Amino acid sequence: MSILKNAVDSIALGLEDYEASESDERRVVSCARNIYAGILLLFKYKLSSLSDPNTDEALIKEKVQPKVVDNKILWVGKGKKTVDYQSIKDRFDSLDIKVDWDRINKINDYRNNVEHYFSNLEHKAIQGLISNSFLIIRDFIAEELQADPKECLGSDAWSILVEVHEVYEKEKADCVSSIESLDFFSDTILDAFVSYSCDGCGSDLIYPSHLNGDAIDSEFFCKSCETEFSYEEIVRPAIADYFEYDAYVAMTDGGDSPIADCPFCGGAYLYEEKICAECGESAAHECGFCGSEIIPGELSDEGLCGYCSHVLSKDD
Ligand SMILES: [Zn+2]
Ligand SMILES: [Zn+2]
Ligand SMILES: [Zn+2]
C-alpha cells in the first residue's frame, strides 16, 4: 500500500510545485521531477501488486534469484534496488500491460531538458507535461489499477490536473489551427512545426505572427517565454526531431536516411517527398545521363548521379 501512497504524494507535491512556480520559476524543475517520479511509482505499485507474496516483491526488484520456498522453487527479489525505467518497460511488455510509451518519453524528455538544457524555466511551459501526465495517470489508474482516479488522487490534485489539461488542450488546438492556416512546402513540414517545442523553455505552444500566407515568410512565437523565431530557425531542428527515429533506424540498420543535404541551399532535404524543407526546391532524383536513381548522398544541382558526375567531370 505504501508504494501507492508514495505515488499519489509525489504527484500531489508536483502539482504544488506547479502552482508555486507561478511566482518561483525554480519550482518548475521539482514539478517535472515529482510528477515523473509519481508516474513511475504508480507503475511499480502495479508490479508489486502482481508479485507473489512469497517473492519479496520480485517484480519490482532489479535482481531476482531462485530460492526454495515451501519445497517449491520461486524467483525471489534480491537486495533493495528496484526496477528502473527500462526494466519497468520490459516487464510491462512481457506481462502485456499497455502504456503509451511515446507519451512517457515526451514527459521524460521534458524532465531531462528542464534539468539540463532549458534556459527559461516558465510556469506555463510545464502545462504540456502536466497535460500529458494527466492522460497517463488517469488511464493507468482506471484501466490497470481498476480504481477511480479522482478518488485515488484526491479531489484537489484531480481538479488541478483536469484544469491544466483543459486549458493546455485548448491553447494547443489554437496554435495548431493557426499554423495549419499557413502554406508549407509539404504536410510533413507542417506536422514537424506542430510538434516542435521551444528550445528555450520546452513549451510546444508555438504560434505564427499572422494567419494565412506562406509559412516561410512568417515569424513564430513561443506562447510561454515569448521568444521569436524565424521560419529558418525552427525548420531544421523541427525536421531533425520529427525524423529522429527514422534517421536512427537508418543509421543502425543500414538504409537511406530520410533527410539529405539540399544541393541548392545545404538545408534539410526530404528525400521521400522530393523537396527541401528550407528553400522549397526539388532536385532531380533520376540521373539525366544514365537514368539511374540518385541516392540521397549524391543529389546534386546538376541532376547527375555520383558516377556520371565523376566521369563527365573528367572529360572536361
Ligand atoms: Zn519558450
Ligand atoms: Zn534547399
Ligand atoms: Zn548517372
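Each remark here, short or long, concerns the structure printed above.
What comes next concerns the included structure. Everything quoted here is computed from the prediction, not taken from an experiment.

Reading across from one edge, β3-β4-β5 is the order of the three strands in this open sheet, with antiparallel pairing throughout. The outermost strands of the open sheet, each flanked by one partner alone, are β3 (206–208) and β5 (228–230). Going from strand to strand, the sheet's axes swing by 30° on average, the running direction of each strand aside. As defined by bridge partners, strand β4 (residues 219–222) adjoins β5 across three bridges and the pair is classed as antiparallel. Across the sheet, the residue bridging to E219 is S230, located in β5.

This paragraph deals with the coordination of the zinc ion (ligand 3). Only C287 (SG), C290 (SG), C305 (SG) and C308 (SG) from the protein coordinate the zinc ion (ligand 3), and they sit 2.3 to 2.4 Å from it. Seen from the zinc ion (ligand 3), its four donor atoms lie at angles of 102 to 115°, and the figure they make is tetrahedral.

Below, the discussion takes up helix α3 (residues 85–95). Residues of α3 that are buried include every one of Y85, S87, I88, R91 and F92, and no others. Down the axis of α3, the buried set is contained in an arc of 165°. They therefore lie on one face. Those residues of α3 that are buried lie in contact with α2 (27–50), β1 (61–69), α4 (101–116) and α5 (127–143). Directly beyond the C-terminal end of α3, a positive phi value near 60° is found at D96.

With burial as the criterion, only one face of β4 is covered, namely that bearing F220 and C222; the residues E219 and F221 on the opposite face remain uncovered. Strand direction decides the pairing type here: β3 and β4, joined by three bridges, are antiparallel. Its bridge partner being in β4, Y207 is matched across the sheet by F221. As consecutive antiparallel partners, β4 and β5 are separated by five residues, and within that stretch E226 has a phi angle of approximately 65°, a positive value.

Checked against the element boundaries, D17 lands in helix α1 (residues 2–20). Looking at D17, the relative accessible area reads 5%, which means it is buried. Engagement of the side chain of D17 in a polar contact is seen with the side chain of S30, the distance being 3.4 Å.

Coordination of the zinc ion (ligand 2) by the protein is provided by C262 (SG), C265 (SG), C276 (SG) and C279 (SG), with metal-donor distances spanning 2.2 to 2.3 Å. One can describe the donor arrangement at the zinc ion (ligand 2) as tetrahedral, given that its four donor atoms subtend angles of 105 to 115° at the metal. When the donors of the zinc ion (ligand 2) are listed by position in the chain, the intervening gaps give C-x2-C-x10-C-x2-C. Here C279 lies in the loop between β8 (275–276) and α11 (306–315) and C262 lies in the loop between β6 (259–261) and β7 (268–270), a separation of 17 residues in the sequence.

Conventions adopted
- Residues numbered from 1 in each chain as written.
- Chains lettered and ligands numbered in written order.
- Predicted model: local features only at pLDDT ≥ 70, side-chain atom pairs only at ≥ 80, totals over all residues.
- Heavy atoms only, no water.
- Pairing = 2+ DSSP bridges.
- Helix = DSSP H or I, 4+ residues; strand = E, 2+ residues; numbered from the N terminus.
- Axes fitted to C-alpha atoms, helices over the stretch in contact; angles between N-to-C directions.
- Donors = N, O, S within 2.8 Å, 3.2 Å for Na, K, Ca; no water.
- Tetrahedral: all angles 85-135°; square planar, octahedral: opposite > 155°, others 65-115°.
- Buried < 20%, exposed > 50% of the residue type's maximum accessible area, 1.4 Å probe, protein only.
- Arc of directions from axis to C-beta.
- Contact = heavy atoms within 4.5 Å.
- Polar contact = N/O pair within 3.5 Å; in protein donor to acceptor, adjacent residues only side chain to side chain.

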